[in-house]
Amino acid sequence: MSGPQALRCRIGSLELDSPLLTGSGTFGHDGLVTRFLQPGDLGALVIKTVTPAPRGGNPPPRLVETPAGLLNSIGLENRGVDAFIAETVPLLRELSKPPRAIPVVANAGGESVDEYVHMVRSLDRTEAFAAIEVNLSCPNVQGGALPFATSAEAVARVIEACRSCTERPLWAKLSPNVARLGPIAQAAERAGADALTVANTLLGLVVDWRRRRPVLGAGFGGLSGPAIRPVAMRMVWEARQAVDLPIVASGGAATAEDVMEFVTAGASAVQIGTAGFQRPDLISRIAADLRALLKQEGTDLESQCGSLQWPSPAASGKV
């Protein structure tokens, strides 16, 4: 396939013009980033996490640059779901209509099963969203404890409860801060998730040794950017081996080559996050390069997806 349709892809029942999505938390709530992008280049706008009650976020400093990455400790700052629905959802509803017709994916946060259920019910009623991404994996709240991301049983409880209150596509956003992703991915699949987002930021720490204190006001932060791409790539591959669900990759992609690597490892779509801070029009630049790459190599996204061939034991010197 070539031309305007070359980047079309599917995430379960959701058909998208492009496999390029925004990464939740990096492009805000209101969709203003779309003004920098060409039509057809953005597959879906994945918005910043919304929580039941307003959150002031973590104490400053909240951002620090690291080698090949960015450590953040925003702490899910937002005005709460009621203000979001009253003030921001009308803007997003217009965004999803022609001529732009960009699907919007909500992102639901919570600190208990009941809070996640409240969020999904509230977002579902707005009828503004093509899918709901359930954020099980933010490392910047509850002291980095990740209570709903590191246990397969906890993931299953949240997703099963959320599944019971919406018929919209439900994506489970999983954490890289685990020893084995496979059992957690399988738990999300059994509980009714329609897709997996793999993954969130890696829990990190930067120290000011002269002051003998963490640089970030909350101590820990979430590491994003090119530094985490190999970890995210490995986890996409692990998830692909464990489940049949579509996988949305998230972690350090900044070029069309990065996107094709994630697709080959098993991703149906790829979120662009930290790299967009340098260039708000980056998704359109990547989309143009991606079309050229597919034409040059004579391949397409569907046949490339999950086509990675793993070395045999003999090839690696094992008996």
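Scroll up a little and you will see the structure.
Residues numbered from 1 in each chain as written. Predicted model: local features only at pLDDT ≥ 70, side-chain atom pairs only at ≥ 80, totals over all residues. Heavy atoms only, no water.

A.B. asks: Sorry if this is basic, but what is going on with the side chain of Glu133 here?
C.D. replies: In this structure, Glu133 sits in strand β8 (residues 131-135). Put simply, Glu133 is tucked away with no salt bridge, and the nearest opposite charge, on Lys173, sits 4.4 Å away. Reaching out from Glu133, the side chain makes a polar contact with the side chain of Gln271 at a distance of 3.1 Å. Once residues lying within four places of it in the same chain are set aside, the contact partners of Glu133 are Ser24, Val46, Val105, Ala106, Asn107, Ala108, Trp171, Lys173, Thr197 and Gln271. (Helix = DSSP H or I, 4+ residues; strand = E, 2+ residues; numbered from the N terminus. Buried < 20%, exposed > 50% of the residue type's maximum accessible area, 1.4 Å probe, protein only. Lys, Arg positive; Asp, Glu negative; His and termini not counted. Salt bridge = Lys/Arg side-chain N within 4 Å of Asp/Glu carboxyl O. Polar contact = N/O pair within 3.5 Å; in protein donor to acceptor, adjacent residues only side chain to side chain. Contact = heavy atoms within 4.5 Å.)

A.B. asks: How should I be thinking about the pattern of salt bridges in this particular structure?
C.D. replies: Close approach of charged atoms lets side chains of opposite charge pair. Applying the stated rule across the entire model yields 14 salt bridges. Across the salt bridge formed by Arg211 and Asp208, the nearest N and O atoms sit 3.8 Å from each other. Look at Asp208 and you get partly exposed, because its relative accessible area is 23%. The salt bridge involving Glu238 is made with Arg234; its shortest N-O contact spans 3.1 Å. In this pair, Glu238 and Arg234 both sit in helix α5 (residues 229-242), four residues apart, roughly one turn of the helix. Looking at Arg234, the relative accessible area reads 35%, which means it is partly exposed. Among the charged side chains, a network of salt bridges with common partners joins Arg8, Arg10, Glu15 and Asp17.

A.B. asks: Looking at this structure, how should I read the packing of helix α1 (residues 81-95) against helix α2 (residues 113-126)?
C.D. replies: Axis separation between α1 and α2 bottoms out at 11 Å; the angle between their running directions is 35°. Taken as a pair, α1 and α2 cross one another with a handedness that is right-handed. Note on element contacts: α2 touches α1 through His118, Met119, Ser122, Leu123 and Thr126, opposite Val81, Phe84, Ile85, Val89 and Arg93. Counted by class, the contact of α1 with α2 contains six nonpolar, three polar and one charged residues. (Axes fitted to C-alpha atoms, helices over the stretch in contact; angles between N-to-C directions. Left-handed = near helix turned anticlockwise from the far one by under 90°. Nonpolar A, V, L, I, M, F, W, Y, C, P; charged D, E, K, R; others polar.)

A.B. asks: Honestly, unusual backbone geometry in this entry has me stumped. Any pointers?
C.D. replies: Glycine aside, a negative phi is what most residues show, and trans is what most peptide bonds show. Here the amide bond leading from Pro98 into Pro99 is cis, since omega sits at 10°, within 30 degrees of zero. Cis peptide bonds are those with omega within 30 degrees of zero, and the linkage from Val198 to Ala199 qualifies with 5°. With respect to the helices, strands and loops of the structure, Ala199 is situated in the loop between β10 (195-198) and β11 (202-204). For Leu76, which is not glycine, the phi torsion reads 55° and is therefore positive. Along the chain, Leu76 falls in the loop between β6 (69-72) and α1. The exposure class of Leu76 is buried, given its relative accessible area of 12%. Phi angles above zero are rare outside glycine, and Ala101 is one such case at about 50°. Positionally, Ala101 belongs in the loop between α1 and β7 (104-108).

A.B. asks: What am I meant to see in α5 here?
C.D. replies: Working note: α-helix, 3.6 residues per turn, so residues spaced by three or four point in the same direction. Helix length check: α5, at 14 residues, gives a terminal C-alpha distance of 20 Å against a target of 20 Å (1.5 Å per residue), a fit within 8%. Those residues of α5 lying buried are Ala232, Met233, Met235, Val236, Trp237, Ala239, Arg240 and Ala242. Contact partners of the buried residues in α5: α4 (182-191), β10, β15 (247-250) and α6 (256-265). (Expected span 1.5 Å × (residues − 1).)

A.B. asks: Quick question: what am I supposed to make of the environment of Thr264 here?
C.D. replies: Along the chain, the position of Thr264 falls in helix α6. Here the alpha-carbon distance between Thr264 and Met233, two residues 31 residues apart in the chain, equals 9.7 Å. Other than its neighbours up to four places away in sequence, Thr264 contacts Gln304, Gly306, Ser307 and Leu308.

Everything listed is a geometric property; what it means functionally is a separate question.
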